[in-house]
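Understanding the architecture of this molecule
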Amino acid sequence: MPRRTATMLASTLMLIALLCAGVLIPVPYAEMSPGPTVNTLGEHGGEPVLQVSGHPTYPTDGHLNMTTVRVTSADFRMNLVEAVYGWLAHDSKIVPHDTLYPDGKTEEQSSQENAEEFSQSQESAKVAALKELDIPVRSWVIVSTVVKGSPAEGRLHAGDVIKAVDGTAVRQPSDVAKLVTKHTPGQKVVFTVVPAKEQAAAEKENRTASRTRDVTMTTATSQDSGPRRAVVGISAGTDHTFPFSIDIKLADVGGPSAGLMFALGIYDKLTPGSLTGGKFVAGTGTIDDNGKVGPIGGIEMKTVGARDKGAQYFLTPAENCAAAAKDTPSGLTLVKVRTMDDALAALKDISGGNTAALPKCTAKG
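Residues numbered from 1 in each chain as written. Predicted model: local features only at pLDDT ≥ 70, side-chain atom pairs only at ≥ 80, totals over all residues. Heavy atoms only, no water.

**A word on the overall build of the protein**
- Counting its secondary structure elements, the protein contains 10 helices and 20 strands.
- Out of the 365 residues belonging to the protein, those deemed buried represent 42%.
- Contacts in the protein between residues far apart in sequence, at least 24 positions, make up 74% of those at least 6 positions apart.
- As presented, the protein carries roughly 19000 Å² of accessible surface, and 52% of it is formed by carbon and sulfur atoms. (Helix = DSSP H or I, 4+ residues; strand = E, 2+ residues; numbered from the N terminus. Buried < 20%, exposed > 50% of the residue type's maximum accessible area, 1.4 Å probe, protein only. Contact = heavy atoms within 4.5 Å. Areas by Shrake-Rupley, 256 points an atom, 1.4 Å probe, with all protein chains shown as cover.)

**Focus on the sheet that holds strand 6 (residues 93–96)**
- Sheet architecture is open: six strands sit in the order 6-1-5-16-19-20, paired in mixed fashion. Strands with a single pairing partner mark the edges of an open sheet, and in this sheet they are strand 6 and strand 20 (333–337). Ignoring which end each strand starts from, the neighbouring axes of this sheet average 35° apart.
- Pairing geometry for strand 19 (residues 313–317) and strand 20, over five bridges, is parallel. The residue of strand 20 that forms the bridge with P317 is V337.
- Packed onto the sheet, helix 7 (residues 259–269) meets strand 5 (63–71), strand 16 (280–283), strand 19 and strand 20 and runs at close to 160° relative to strand 5. (Pairing = 2+ DSSP bridges. Axes fitted to C-alpha atoms, helices over the stretch in contact; angles between N-to-C directions.)

**Regarding the state of the cysteines**
- Scanning the entire structure with this criterion turns up one disulfide.
- Each sulfur in the disulfide pair C321 and C361 lies 1.9 Å from the other. Across the S-S bond of C321 and C361 the torsion is about -45°, and the bridge reads as left-handed. With C321 in helix 9 (residues 321–325) and C361 in the segment after helix 10 (340–352), this pair connects stretches of sequence that are 40 residues apart.
- The class for C361 is buried, based on a relative accessible area of 12%. (Disulfide = S-S within 2.5 Å.)

**Observations concerning the pattern of salt bridges**
- For the structure on display, the rule yields three salt bridges.
- Linking D160 and R213 is a salt bridge whose minimum nitrogen-to-oxygen distance equals 3.9 Å. Within this pair, whereas D160 is found in the loop between strand 7 (138–146) and strand 8 (161–165), its partner R213 is found in strand 11 (residues 213–218), the two being separated by 53 residues in sequence.
- Linking R211 and E198 is a salt bridge whose minimum nitrogen-to-oxygen distance equals 4.0 Å. With R211 in the loop between helix 6 (196–204) and strand 11 and E198 in helix 6, this residue pair connects regions lying 13 residues apart in the sequence.
- With relative accessibility at 11%, the residue E198 sits in the buried group. (Salt bridge = Lys/Arg side-chain N within 4 Å of Asp/Glu carboxyl O.)

**Comments concerning the nonpolar core**
- By size, the foremost hydrophobic cluster in this structure holds 42 residues, and its most contacted members are L64, L260, F262, L264, L315 and M340.
- Broken down by element, the residue count for this core peaks at seven residues, all from helix 7.
- Listed in part, the 17 residues of the second largest apolar core include L179, F191, V215 and V232. (Core = buried A, V, L, I, M, F, W, Y, C linked by side-chain atoms within 4.5 Å.)

By themselves these figures say nothing about function.
Written out as structure tokens, the structure is:
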């Protein structure tokens, strides 16, 4: 066989071997790409995203779009060829698998966590919008989850209302951990709770639940890598009773990052006039009950998805501004927001055409 032919054959075989290796060898990465963006003022799947009954609503126009990110599933194993393709593509991002799925989370665990965060974001969005309108909302601290095998298992239940710990009234979820960690592991702690069934019956009958019970438990030692501390194995959250019905109809979405846009959509529907002035505004950000806007993941993918859909302005959590400004899609203005009040002020400027006054994101934040 001539040397040239042998060399070409060897090179071809080596290339085939490398391609096979690239396809067959998994790499510890995952891919993020722009997901759907949905107008909270419009419809999705044939029905309004925001549905309000029992309170006057007003016509709206323009867009207040929530944005999403598509990610490869926890069980997907990317190969080298897919990773390289993703690195070279402008509209996707390759990140370490553990960034999206820490502690070896399965697809089922991740989906459950995202669903819980999405549900909580909807509740906080409703509270933030109604507080902005000075509409009273009744709130209380509840048991959100109970860890299997913990001191609380079988003694406390999801939905129980936590009235006090060791006789000290509980007013917000963080109070629970503070009171429990005053103990050392092995000491007893007393929870005063309204059972979940009693609370549900009281809500249905529009009365205040009055039947409480004391639950005494022996604290255990935390299993995380931090300092040794006492725990009982629950996470505390907040539940609310609203003066009228607000439903958010949006399937196949998870995580907490749509909170800000849901809150703004609710506010717009409950107030005369248009927040956007007919403009196309998109955005992202978590929101708490007091209207504070928090950072999210995948900001670069969300700005790309928003601009591709037609957005002119993008409400950006302040802590995401620097990352978002590094590669802003052409024609999209990034507006920095820290609170719902900031977002409402920005929308007033956008609808009035006073865009020079907008607080814009820069590479420094």
